[in-house]
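The lines below spell out each chain.
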Amino acid sequence: MARTQKNKATEYHLGLLKAKLAKYRAMLLEPQGKGGAKGPGFDVVRSGDARVALIGFPSVGKSTFLSKMTGTKSEVAAYEFTTLTCIPGKIHYNGADIQLLDLPGIIEGAAQGKGRGRQVIAVAKTADLILMMLDATKGPRQRELLEIELEAVGIRINRQKPNIYFKVKKGGGISFNATCKLTHLSERMVYQILHSYKIHNAEVLVREDHTVDEFIDVVLGNRKYIRCVYCYNKIDQISLEEVDSLARQPYTVVVSCEADLNLDYLVEYLWKSLALIRAYTKKKGQYPDFEGGLVLRAGSTVQDVCLHIHRSLVNDFNYALLWGKSAKHSPQRVGLTHVIEDEDVVQIVKKR
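Source: prediction; values computed, not measured.

Calculation rules
Residues numbered from 1 in each chain as written. Predicted model: local features only at pLDDT ≥ 70, side-chain atom pairs only at ≥ 80, totals over all residues. Heavy atoms only, no water. Helix = DSSP H or I, 4+ residues; strand = E, 2+ residues; numbered from the N terminus. Buried < 20%, exposed > 50% of the residue type's maximum accessible area, 1.4 Å probe, protein only. Polar contact = N/O pair within 3.5 Å; in protein donor to acceptor, adjacent residues only side chain to side chain. Contact = heavy atoms within 4.5 Å. Axes fitted to C-alpha atoms, helices over the stretch in contact; angles between N-to-C directions. Parallel < 35°, antiparallel > 145°, perpendicular 65-115°, else oblique. Left-handed = near helix turned anticlockwise from the far one by under 90°. Nonpolar A, V, L, I, M, F, W, Y, C, P; charged D, E, K, R; others polar. Phe/Tyr/Trp six-rings, centres within 6.5 Å; stacked < 30°, edge-to-face > 60°. Lys NZ or Arg CZ within 6 Å of the ring centre and 35° of its normal. Pairing = 2+ DSSP bridges.

Caption draft 1: Up close: the environment of M132. Relative to the elements of secondary structure, M132 occurs in strand β4 (residues 129–135). For M132, a relative accessible area of 0% puts it in the buried group. Spatially, the C-alpha atoms of M132 and I55 are 4.8 Å apart, while their sequence positions differ by 77 residues.

Caption draft 2: Structural detail: the side chain of H210. Summarising the element assignment, H210 is placed in the loop between β8 (202–206) and α6 (212–220). Engagement of the side chain of H210 in a polar contact is seen with the backbone nitrogen of N163, the distance being 2.9 Å. Not counting residues up to four positions away in its chain, the partners in contact with H210 are P162, N163, I164, H184 and L185.

Caption draft 3: Layout of the packing of helix α5 (residues 187–196) against α6. Put simply, α5 and α6 touch, their axes get as near as 11 Å, and they point 40 degrees apart. Between α5 and α6, the interaxial angle falls into the category oblique. The chirality of how α5 crosses α6 is right-handed. Seen from α5, the contacting residues are M189, V190, I193 and L194; seen from α6, they are V212, F215, I216 and V219. Counted by class, the contact of α5 with α6 contains eight nonpolar, no polar and no charged residues.

Caption draft 4: Region of interest: the packing of aromatic side chains. Counting across every chain of the model gives three aromatic pairs. Seen from their ring centres, Y93 and W271 are 5.8 Å apart, and the 65 degrees between their planes marks the pair as edge-to-face. A residue pair is termed long-range when its members are at least 10 positions apart, and Y93 in strand β2 (residues 87–93) and W271 in helix α8 (residues 263–274) qualify at 178 residues. Under the relative-accessibility criterion, W271 is labelled buried at 8%. Lying over the aromatic face of Y230, R143 brings its terminal NZ or CZ to 3.5 Å of the ring centre. When the ring centre of Y319 is taken as reference, the NZ or CZ atom of R333 above it lies at 3.8 Å.

Caption draft 5: Spatial organisation of the sheet that holds strand β14 (residues 332–334). Here we have five strands laid out as an open sheet, ordered β12-β11-β15-β13-β14, and mixed in their pairing. Two strands close off the open sheet at either side, each with one partner strand: β12 (294–297) and β14. Averaged over all pairs of adjacent strands, the angle between their axes in this sheet comes to 35 degrees, without regard to strand direction. Lying on the sheet, helix α9 (residues 302–309) is in contact with β11 (276–281), β12, β13 (317–323), β14 and β15 (344–350); it crosses β12 at an angle near 135 degrees.

Here it is as structure tokens:
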């Protein structure tokens, strides 16, 4: 593939090679059949309002960051592989509990199982956000290697799920439609890729101009799309020009864990990247409860507020009175499907 010239004539051939490569790579990473005894894992019980996984090479400052921000004691030393298991901690911010997982440092080849890499990446797949800790004194190669390892196991960072409808059917052959002009995919290529996966009956609707790799990801169906924040540590050991250059990169925050530089901004940036909002409840004739607010995902509705309070509340729901940014007037009478915004106040009225 590296030696093949990329043009319109070779596009179809390269697409088929990519499909075969993805298929064989999946077979290597997840071997079929019974193997030996499974090794001990180190996943921890999910708690809090969101989960953040710390990923990085050994000795980049992951354990120091966990100890500084959560108060959890994680062994810190000047040698590599100090952390050998998953150590959880909690960051309390804006009334939310954010679970922070300090994972062992991964090495090149982690996707193939080197240095317990598969176990580390398996935990990262369960996270709502990945915080990639990098050493500011080292070059950009460390970031590239980590992205390659995450890509190899099906984690797609800072990308949206492809806007492709795909459903396997029992009969009727393959139905292919597109609502826009496609420059990377063709009907013939889609047919051949599906046949290589022994899929002969399916419905495919492409709504955007996606690449062959993105279509293969949809067919495999085991990809995880997770937001990633790049955190460059040890900025106190480089020049101001280098710090400025790193800080201008997208999804990037620069800090120094030892010197306590910019740590508060990093937590604020994590909060924004997790897209969490706060909603406050109010009883009839009383002031809102601004102390015990609810922490929800952006885009949550009044129904999510009811479920957060008690699951039976949805069945007894009549209407809700709402004050805040999402209200056209205060108070506004709304139903279960109304989307709430940050710091809205909600009063639930039950059926009589």
